[in-house]
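What follows is the residue order along each chain.
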Amino acid sequence: MLTFVRAAVMAVMAATALFATASFAATEADFARLIHQRLQASPVLKGEFEQAKTLKGFRNPLVSRGEFLVARGQGVWWHTRQPFESTLVVTKTRLFTRNADGSAADLMDVQAEPGLQQVNELIFSLLAADLDVLADKFTVVAQPVGANGWTLTLTPRDANIAKFLVRATLTGERDLQTVRIEEARGDATQIRFSHQVPAAALTADEAARFQ
């Protein structure tokens, strides 16, 4: 179960960052406000990703590619196409995989497992990029890079999160470009995003992906 929870948190951290696509402001407070403004302007974001996961002790990373859909208030749909097809879906009450035939397999149900409510709350704080809430669990540092670039670094304050996450570093300019996730066990994941398209609402077919 911990493996799937870790995967969900990592996917949502990457997806959360995609909303931070405004130009960089001079101070961290200004930057945080820009993130919230972007969230309000783009309740839905979709695009493609390339993920390279480097395992401790291995030289060559495991590379996967796919597409994502992030909907504020709904959840995250993370579809890997290569090298193997798989779909991970996170909603307010469920964590599940979607099989090729359309059927779903539950990995976590918050109502059935109340002890996992804290994980669910963390996931949706990340999804909403709610820096006020995240500041209780992470040290959040925003910095300018060059004329238009920026970095946003999340370092866990919470001991339970620190058991599997060392830090997450987001970089971008007008749009988010990369997310680097460093795990406590020595693994690291680098995700590059492309073809990002904001939308005002989900289509009917997209909404069905969260059911």
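Treat the numbers as computed from the prediction; the structure is a model and nothing was measured.

## Focus: the confidence of the model for the chain
- Put simply, the chain has an average pLDDT of 74, and 66% of its residues get 70 or more.
- Confidence drops under pLDDT 50 across residues 20–26; counting only partners more than four residues distant or on other chains, this segment forms 23 contacts.

## Quick notes on the nonpolar core
- Among the nonpolar cores identified, the biggest contains 25 residues, and Phe68, Trp78 and Phe193 are the most heavily contacted of them.
- Membership of the second largest hydrophobic core comes to seven residues, among which are Val44, Ala71, Trp77 and Phe210.

## Concerning the environment of proline 198
- If you trace the backbone, proline 198 turns up in strand E11 (residues 188–199).
- For proline 198, a relative accessible area of 40% corresponds to the partly exposed category.

## Brief notes about the pattern of salt bridges
- Per the stated rule, a full pass over the model turns up nine salt bridges.
- Of the charged contacts in the structure, one is a salt bridge between arginine 185 and glutamate 183, with a shortest N-O distance of 3.2 Å.
- On the basis of relative accessible area, glutamate 183 is assigned to the buried category, the value being 5%.
- Where salt bridges share partners, they join Lys53, Glu183, Arg185 and Asp187 into one cluster.

## A closer look at the pairing of strand E8 (residues 149–156)
- Summarising burial for E8: seven of the eight residues are buried, a large majority.
- Note: strand E7 (residues 138–145) against E8, eight bridges, orientation antiparallel. Directly across from alanine 142, in E8, lies its bridge partner leucine 152.
- Where E8 and strand E9 (residues 165–172) come together, five bridges link them in antiparallel fashion.

Cut-off values and rules
- The residue numbers shown here count from 1 along each chain, following its written sequence.
- In view of the model being predicted, local features appear only for residues whose pLDDT reaches at least 70, and side-chain atom pairs are presented and counted only at 80 or more, with totals across whole chains, interfaces and linings using the full set of residues.
- Here the side-chain values reflect all heavy atoms present in the structure, with hydrogen atoms and water set aside.
- Across the chain, each position has a pLDDT score giving the predictor's confidence in that residue, from 0 to 100.
- We call two residues in contact whenever any of their non-hydrogen atoms come within 4.5 Å of each other.
- Among buried residues, the Ala, Val, Leu, Ile, Met, Phe, Trp, Tyr and Cys ones that are joined through side-chain atoms within 4.5 Å form a nonpolar core.
- A simple rule labels every residue: compare its accessible area, found with a 1.4 Å probe on the protein chains alone, to the largest value its type can have, and call it buried under 20%, exposed over 50%, or partly exposed in between.
- Helix and strand assignments follow DSSP, with helices taken as H or I runs no shorter than four residues and strands as E runs no shorter than two, numbered in order from the N terminus.
- Take a side-chain nitrogen of Lys or Arg and a carboxyl oxygen of Asp or Glu: if they are within 4 Å of each other, that pair is a salt bridge.
- At least two DSSP bridges between two strands are needed for those strands to be called paired.

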